[in-house]
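Summary of the model geometry
Below, each chain spelled out in residue letters.
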Amino acid sequence: SAVLYTVLLYAQTHELLPTPLPDEPLGRWIMLCVGILLAVAMVYIATWGVDRALERERQLVDDARRAQNALNARNHYIESIIGSMADALLVLGADGVVMRVNGAARALLRRSDDELVGLPVEQLVADPAFTLSDLSTSGMDEQREMELIAGDGQRVPVLLSGATLSDPEGGRTG
């Protein structure tokens, strides 16, 4: 406070600040200057905090972008493998509905993605007595002969093998 008072006296004697009005004590000018300095300091601190928050936000966005790019690259790699498989692949959901197919499955069944994806597997199997539970009860550890119905209605003999798909918690997803 003594330093501030000295600065104020210096500023007044060199006419850098207006002279206090006669009915205004010097203490009010000091309090005003202290208030202004505190306000400036608070604005600086708030700005510094905002700058740090924005920098952290930029970093999080960059991290998310890098993670998304890595995930996209991994998905592209997996898609390349699935797309180049010579064996037909039908991925079923837990409800037995076709979720995705590869090119070999489309060629074997002579159907498009639009015709296969969303179709219950029971509609692809030639045996009218077939149910989804037939797949789950067979254990799918062994291969099983069956016939599927192609897009042109012809029966296509296949050797079926499969595996249960699960989520990270171990729940069945397909």
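As a reminder, the structure under discussion sits directly above these lines.
The following refers to the structure shown.

Definitions and limits used
- Residues numbered from 1 in each chain as written.
- Predicted model: local features only at pLDDT ≥ 70, side-chain atom pairs only at ≥ 80, totals over all residues.
- Heavy atoms only, no water.
- Core = buried A, V, L, I, M, F, W, Y, C linked by side-chain atoms within 4.5 Å.
- Buried < 20%, exposed > 50% of the residue type's maximum accessible area, 1.4 Å probe, protein only.
- Helix = DSSP H or I, 4+ residues; strand = E, 2+ residues; numbered from the N terminus.
- Pairing = 2+ DSSP bridges.
- Salt bridge = Lys/Arg side-chain N within 4 Å of Asp/Glu carboxyl O.

1. What to know about the nonpolar core
What tends to happen in soluble globular proteins is that the nonpolar side chains get buried as a cluster. If you look at the biggest cluster of nonpolar residues, it comprises 17 residues, and the most contacted ones within it are Val121, Leu124, Val125, Met146 and Leu148. Taken together, the elements giving at least two residues each to this core come down to β2 (98-101), α3 (103-109), β3 (144-149) and β4 (155-160).

2. Side note on the pairing of β4
Look at any regular strand and the pattern is simple: side chains alternate between the two faces of the sheet. Relative to β4, β3 runs antiparallel, the two being bridged by six bridges. Across the sheet, the residue bridging to leucine 148 is valine 156, located in β4. Adjacent in sequence and paired antiparallel, β3 and β4 are bridged by five residues, among which glycine 153 carries a positive phi angle near 90°.

3. Digging into the pairing of β2
Pairing geometry for strand β1 (residues 90-92) and β2, over three bridges, is antiparallel. By the bridge assignment, valine 91 is partnered in β2 with arginine 100. The antiparallel hairpin formed by β1 and β2 contains five residues in its connecting segment, where glycine 96 sits at a positive phi of about 85°.

4. With respect to the pattern of salt bridges
Applying the stated criterion to the full structure yields seven salt bridges. The salt bridge partner of glutamate 55 is arginine 58, with a shortest N-O separation of 3.0 Å. Here the residue glutamate 55 and the residue arginine 58 both occupy positions in helix α2 (residues 26-84), the gap between them amounting to three residues, near one helical turn. Taking relative accessible area as the criterion, glutamate 55 reaches 43% and is therefore assigned partly exposed. In this structure, aspartate 62 engages arginine 65 in a salt bridge whose closest nitrogen and oxygen atoms are separated by 3.3 Å. You can see aspartate 62 and its partner arginine 65 sitting in helix α2, three residues apart, about one turn around the helix. Here aspartate 62 falls in the partly exposed class, since its relative accessible area comes to 31%.

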